[in-house]
Amino acid sequence: MKLYYMPGTCSLADHIVLEWIGKPYEASEVARDQLKKDFLKINPSGSVPALDVDGWILTQNVAILNFLADENPQSGIGGDGSAKSRAEINRWLAFANADVHPSFAPLFGATAYLEDPGVIDKTKAAAKKKLRGLYEIANNQLKGRDWLTGSRSIADPYLYVTLRWAEKFEIDLGGLDELARFRTRIEADDGVQKALKAQGLI
């Protein structure tokens, strides 16, 4: 398997999961200026992650994470085998992927086209407010749990990646003690440390 990634992006979640499953893989960094050039041959949408499995290219983070979980049931990161367990994992994976991640868009520059600094600043402030609310939901979910669904799953590294972004953009996470505890726990994980080092993030 070969993972195409950019350091610190959502592809870090896949990198972590590859470490967790413990099977051989290669990680290939994609330069930002190649996303819309040579990399289009691998992923026509010009985004990471992409996973090459013996010549079969899989894109989209949720698809890759679920594939890795299904291919490695012994890891437990896809649940206990029951439909309820997997649905719960996918609920929180979707929360990270479809609720939290897109809410960062203004902070990543998606509203720069507005060309009005005052308006752009308002979109960023609104994004920060929305993200605070979403993280409060995650914080409540983590009460009495070490991981989002009780046991470690493919949802956890995605949430973790967004917490790194939250720190970068100075999102107010004050008082969200469960989230702080979650981040401390996951960052102490050997697989997470290996992925962070491989991406040059520590």
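Scroll up to find the structure this text is about.
Residues numbered from 1 in each chain as written. Predicted model: local features only at pLDDT ≥ 70, side-chain atom pairs only at ≥ 80, totals over all residues. Heavy atoms only, no water.

## Here we look at the pairing of strand 1 (residues 2-5)
Heads up, the rule is: Following DSSP output, two strands are said to pair if at least two bridges run between them. Numbering of helices and strands runs from the N terminus, with a helix taken as a DSSP run of H or I at least four residues long and a strand as a DSSP run of E at least two residues long. Assignment of crossover handedness uses the view with strands pointing away from the viewer, where a clockwise path from the first strand over the helix to the second indicates a right-handed crossover.
One ladder, built from 4 bridges, connects strand 1 with strand 2 (residues 26-29); its direction is parallel. In the strand pairing of strand 2, Lys 2 is matched with Glu 26. Note on the crossover from strand 1 through helix 1 (residues 11-21) to strand 2: the handedness is right-handed.

## A word on the packing of aromatic side chains
Definition in use: Here a Phe, Tyr or Trp ring, Trp counted by its six-membered ring, pairs with any other such ring whose centre lies within 6.5 Å, and the pair is stacked when the planes are under 30 degrees apart, edge-to-face when over 60, and tilted otherwise. Exposed residues in this analysis have more than 50% of their type's maximum accessible area, buried residues have under 20%, and partly exposed residues fall in between, with area computed by a 1.4 Å probe over protein chains only. Geometrically, a lysine NZ or arginine CZ counts as sitting over a ring once it is within 6 Å of the ring centre and also within 35 degrees of the ring normal.
For the structure on display, the rule yields 10 aromatic pairs. Ring centres of Trp 20 and Trp 147 lie 6.5 Å apart, and the angle between their planes is 80°; on these two criteria the pair is classed as edge-to-face. Taken as a pair, Trp 20 in helix 1 and Trp 147 in the loop between helix 4 (117-141) and helix 5 (155-168) lie far apart in primary sequence, 127 residues in all. Judged by centre distance (6.3 Å) and plane angle (45°), the rings of Phe 104 and Phe 169 are tilted. Here Phe 104, found in the loop between helix 3 (83-103) and helix 4, pairs with Phe 169, found in the loop between helix 5 and helix 6 (177-187); they are 65 residues apart in sequence, far enough to count as distant. Residue classification places Phe 104 among the buried residues on the basis of a relative accessible area of 0%. For Phe 169, a relative accessible area of 16% translates into the label buried. Cluster of aromatic residues (ring-pair linked, three or more members): Phe 104, Phe 108, Trp 165 and Phe 169. The residue whose ring lies beneath Arg 152 is Trp 20, and the NZ or CZ to ring-centre distance is 4.0 Å.

Fair warning: the whole summary comes from geometry, so function is off the table for now.
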